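# Architecture and fold: a report
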Amino acid sequence: MNRRTSLLLSLLAATAALAAPFAQAQEPIRLIVPYAPGGPLDITSRALAERVRDTLGVVIIENKAGAGGNIGADAIAKAAPDGLTIGLAATATHAVNPWLYSRMPYDAGKDFAGITQMVRVPNVLVVNAAFAERNKIHSIADLLAYAKAHPGKLNYGSGGNGSSGHLAGEMLKQQAGIYALHVPYRGANPAQLALLSGEVDFNIDNLAAAAPNIRAGKLKALAVTSLAPSPLLPGVPALSKTFPGFSIDTWWGLVAPAGTPQPVIDKLNKAFTDALKAPETKSRFEMLMAEPVPTTPAAFDQFMAAERKKYQQVVKASGAKVD
């Protein structure tokens, strides 16, 4: 009886040992999005999570919004480096916030391992269509001429102090030698509503958010802030044509906690870059005016470091501070 029990226990132990890797492989991956549900970052993350299901298993999206993305990014940084918790790094969390906040809960340069850049979305300078028609503003040159002819009257909105729209607006003011009053709102959506209602004259918003109202004729696009014109907005010039080197894009990508083993990073990179290269992904992202940008982990780390260096100067010049 004891021998039979011992044999049964040995068999069960062997079965459990064989099953353990399979069970581990099936454990869901948590992907932290440091922003509220429903925006472009959340939508693209959910689309990718669906596409990697066959290679990585279930990927659960967890939204952790607050403090300009710092709460969610901090949760990624402090997670176990086992590949089961990954998350989004964005322009704000990994390039702007380190200079905007006096105290940061994480180190954007040391606490993360890049997996891949996901998306690049051009920012676009848009004016209220009625304002443009009333003042015959059909180009950047027209807007700048209006600002110089009406000192102190032009204003622009943004999603808040230190937001991409705010910093792009300050760069434009500095390079064009014009004055425009900055009106910060509590988020990009209220800022867009203010522009639509005529409370402000122009915004510099990401193309994904502005596109529906551009198509509807409620907003007029004058320029994109990417270094080159965007194929997603044919016929609209880049600000760099007027101001060489002008470049502020919205971007986001995937990171893991620092210390995640390289083989795990490589496995995640292959699954997500394959998903980003799929024609179905490109078509779906185009509807959001977003361009997939699959990269190597090293290339994404280098890109984020370069963006931090660039925004250090931009934030300093703007004088923006949150705390």
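Residues numbered from 1 in each chain as written. Predicted model: local features only at pLDDT ≥ 70, side-chain atom pairs only at ≥ 80, totals over all residues. Heavy atoms only, no water.

Within an unreviewed UniProt entry, the label attached to the chain reads Tripartite tricarboxylate transporter substrate binding protein, and the organism entered is Acidovorax bellezanensis. In its Sequence similarities (unreviewed entry) section, UniProt records this for the chain: "Belongs to the UPF0065 (bug) family." (UniProt positions renumbered as here; feature names shortened; annotations may be inferred.)

Before going further, it helps to spend a moment on the nonpolar core. In terms of nonpolar packing, the biggest core is built from 51 residues, with Val124 and Leu207 touching the most fellow members. Setting aside residues up to four positions removed in sequence, leucine 207 forms contacts with Val121, Pro122, Asn123, Val124, Ile214, Ser230, Leu232, Leu233 and Met289. Membership of the second largest hydrophobic core comes to 47 residues, among which are Ile32, Phe131, Ala168 and Leu239. (Core = buried A, V, L, I, M, F, W, Y, C linked by side-chain atoms within 4.5 Å. Buried < 20%, exposed > 50% of the residue type's maximum accessible area, 1.4 Å probe, protein only. Contact = heavy atoms within 4.5 Å.)

With that out of the way, let us pick up the environment of isoleucine 204. Secondary-structure assignment places isoleucine 204 in strand β7 (residues 202-206). Since its relative accessible area comes to 5%, isoleucine 204 is described here as buried. Sequence separation between isoleucine 204 and valine 58 is 146 residues, and the spatial gap between their C-alpha atoms is 37 Å. (Helix = DSSP H or I, 4+ residues; strand = E, 2+ residues; numbered from the N terminus.)

With that out of the way, let us pick up the side chain of asparagine 203. With respect to the helices, strands and loops of the structure, asparagine 203 is situated in strand β7. The exposure class assigned to asparagine 203 is buried, which follows from its relative accessible area of 3%. Within the structure, the side chain of asparagine 203 is placed 3.1 Å from the backbone oxygen of alanine 191, a separation counted as a polar contact. Setting aside residues up to four positions removed in sequence, asparagine 203 forms contacts with Val124, Leu125, Val126, Tyr156, Gly157, Ala191, Gln192 and Leu195. (Polar contact = N/O pair within 3.5 Å; in protein donor to acceptor, adjacent residues only side chain to side chain.)

The next point concerns helix α9 (residues 188-197). Within α9, burial applies to Ala191, Gln192, Ala194 and Leu195. The arc enclosing the buried residues of α9, seen along the axis, measures out at 155°, which places them on a common side. Away from the buried face of α9 by more than 90 degrees, exposed residues Asn189, Leu193 and Ser197 are located. In this structure, the buried side of α9 is in contact with β4 (112-128), β5 (155-158), β7, α10 (207-215) and β8 (219-224). Directly after α9, the chain includes glycine 198, whose backbone phi takes a positive value near 90°. (Arc of directions from axis to C-beta.)

Moving on: the packing of aromatic side chains. Considering all chains together, one arrives at 5 aromatic pairs under this definition. Both rings, one in tyrosine 106 and one in phenylalanine 112, keep their centres 5.5 Å apart while their planes meet at 90°; by these two values the pair is edge-to-face. Here tyrosine 106 and phenylalanine 112 have matching classes, each one buried. Ring pairing ties together the aromatic residues Trp251, Phe300 and Phe303, which thus form one cluster. (Phe/Tyr/Trp six-rings, centres within 6.5 Å; stacked < 30°, edge-to-face > 60°.)

Burial analysis of β7 places 5 of its 5 residues in the buried class, which makes it a mostly covered element. Two strands pair when backbone bridges link them, and β4 and β7 are joined in this way by 5 bridges, in the antiparallel orientation. Among the inter-strand pairings, valine 126 is bridged to a residue of β7, identified as asparagine 203. Bridging between β5 and β7 involves 2 bridges; their strand directions are parallel. By the bridge assignment for β7, glycine 157 is matched with asparagine 203. (Pairing = 2+ DSSP bridges.)

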